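# Structure at a glance
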Amino acid sequence: MEVTWWGHATCTIEDSGVRVLTDPLFVRRFAHLRRRRGEVPPPQAALAEVVLVSHLHSDHLHLPSLAMLSSGTRLIVPSGAVAAVPGLRTLHRKLDLRITEVRAGDEVRVGEVRVRAVPALHDGRRLPVGPRRVPALGYVVEGEARTYFAGDTGLFDEMADAVGPVDVALLPVGGWGPYLGQGHLDASLAAEALTLLEPRSAVPVHYGTYWPIGLDGVRPHEFHGPGDEFVRQAGLRAPEVAVHLLSHGERVRPEAER
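The following refers to the structure shown. (Residues numbered from 1 in each chain as written. Predicted model: local features only at pLDDT ≥ 70, side-chain atom pairs only at ≥ 80, totals over all residues. Heavy atoms only, no water.)

### Side note on the overall build of the chain
Counting its regular elements, the chain contains seven helices and 17 strands. Taking 258 residues into account, the globule formula puts the C-alpha radius of gyration at 18 Å, and the chain, at 17 Å, falls close to it. Overall, the C-alpha framework of the chain stretches about 50 × 45 × 35 Å when taken along its three principal axes. By the burial criterion, 53% of the 258 residues in the chain qualify as buried. For the chain, the exposed surface amounts to about 10,900 Å²; the carbon and sulfur share of it is 49%. Charge centroids of the chain, computed over 28 positive and 31 negative side chains, lie 8 Å from each other. (Helix = DSSP H or I, 4+ residues; strand = E, 2+ residues; numbered from the N terminus. Rg over C-alpha atoms; globule rule 2.2 N^0.38 Å. Buried < 20%, exposed > 50% of the residue type's maximum accessible area, 1.4 Å probe, protein only. Areas by Shrake-Rupley, 256 points an atom, 1.4 Å probe, with all protein chains shown as cover. Lys, Arg positive; Asp, Glu negative; His and termini not counted. Charge placed at Lys NZ, Arg CZ, Asp CG, Glu CD.)

Structure (structure tokens):
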């Protein structure tokens, strides 16, 4: 099993011959954000048998990035996403994307891999004024390893029971602005999640990639620091977990730590 971090929440999980892509975001700039670290992922990053979208925020469900997928790609989204984001219907028609809507607890088989949707504590509406409350999700990808992609989430009491046993946790540790709102993990909370989930390995994601235009000097430690701080906090709270601090485009085989 191998994980590549492309930046923000975009990862490729390769397990049992299946490429799983999470929350693809393949642009240098969108809305008020620009990519400040790491190159835009190469075209091969968009190649996958299945793509997981955790929730409807535009930095996770990004229609121009989804338009880069190959025809016939399977796309798994939270239940209600198609009604809330009409552009998904357009992509379905143009690219023949095989869109599957799921709720927490649902499972989808893709080749030798099983994808299970799990709950997340996060406002999953299409912002800023999305009226449809489409629940945010995380996913557990199970093949040779069990890999938890948390999407965006805060800590919640039932997290360990909802997610179940995992080998690798891909956890958000920051954001794209100077302040994190409710329903997010910072480096400290992500380290606390390790004590609940007890994975063998962890990879911090969702930090150090995008930042609001014109705010480079506002709380810059919130852009640069979350990855290193997560390593420090994890070492204090969950020293038995092997933490892999990746650069953009870097890959790791976490099973080597077993």
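### A short note on the environment of Ile99
Turning to its location among the elements, Ile99 is positioned in strand E8 (residues 98-102). In this structure the C-alpha to C-alpha distance between Ile99 and Ile76, which are 23 residues apart in sequence, comes to 5.9 Å. Not counting chain neighbours up to four residues away, the residues in contact with Ile99 comprise Leu75, Val77, Val82, Leu88 and His92. (Contact = heavy atoms within 4.5 Å.)

### A word on the nonpolar core
Within the largest apolar cluster, 53 residues are counted, with the highest numbers of intra-cluster contacts made by Tyr139, Tyr148, Leu171 and Phe230. Broken down by element, this core gets its largest block of residues, six residues, from helix H5 (residues 187-197). In terms of nonpolar packing, the next biggest core, distinct from the first, is built from 22 residues, Ala46, Leu56, Leu66 and Leu75 among them. (Core = buried A, V, L, I, M, F, W, Y, C linked by side-chain atoms within 4.5 Å.)

### What to know about the sheet that holds strand E15 (residues 210-212)
Reading across from one edge, E4-E5-E15 is the order of the three strands in this open sheet, with antiparallel pairing throughout. Each edge of the sheet is formed by a strand with only one pairing partner; in this case those strands are strand E4 (29-30) and E15. Across two bridges, E4 lies against strand E5 (residues 33-35) in antiparallel orientation. Along E5, the bridge assignment pairs Arg29 with Arg34. (Pairing = 2+ DSSP bridges.)

### A look at the pairing of strand E2 (residues 10-15)
Of all six residues making up E2, five are buried, and the element is well covered by its neighbours. Pairing of strand E1 (residues 2-7) with E2, which is carried by five bridges, proceeds in the antiparallel orientation. Its bridge partner being in E2, Val3 is matched across the sheet by Ile13. The hairpin formed by E1 and E2 contains two residues between the paired strands, and His8 there has a positive phi angle of roughly 50 degrees. One ladder, built from five bridges, connects E2 with strand E3 (residues 18-22); its direction is antiparallel. Within the sheet, the bridge partner assigned to Ile13 lies in E3 and is Val20.

### Here we look at H5
Residues of H5 that are buried include every one of Ala187, Ala190, Ala191, Ala193, Leu194 and Leu197, and no others. Buried residues of H5, viewed axially, fall in a sector of 150 degrees; they line one side. Looking at the buried positions of H5, the neighbouring elements they touch are strand E12 (146-149), helix H4 (159-163), strand E13 (168-172), strand E14 (201-205) and helix H7 (226-237). For H5, the N-terminal capping position is held by Asp186, with its side-chain oxygen 3.2 Å away from the main-chain nitrogen of Ser188. Following H5 by one or two positions, Glu198 has its phi on the positive side, about 55 degrees. (Arc of directions from axis to C-beta. Polar contact = N/O pair within 3.5 Å; in protein donor to acceptor, adjacent residues only side chain to side chain.)

### Overview of the pattern of salt bridges
If you walk through the whole model with that rule in mind, you get 14 salt bridges. Between Asp216 and Arg34 there is a salt bridge, and its shortest N-O distance comes to 2.6 Å. Remark: Arg34 occurs in strand E5 and Asp216 occurs in the loop between E15 and helix H6 (221-224); sequence separation between them is 182 residues. Among the ionic contacts, a cluster of salt bridges with common partners joins Glu2, Glu14, Arg19, Arg251 and Arg253. (Salt bridge = Lys/Arg side-chain N within 4 Å of Asp/Glu carboxyl O.)

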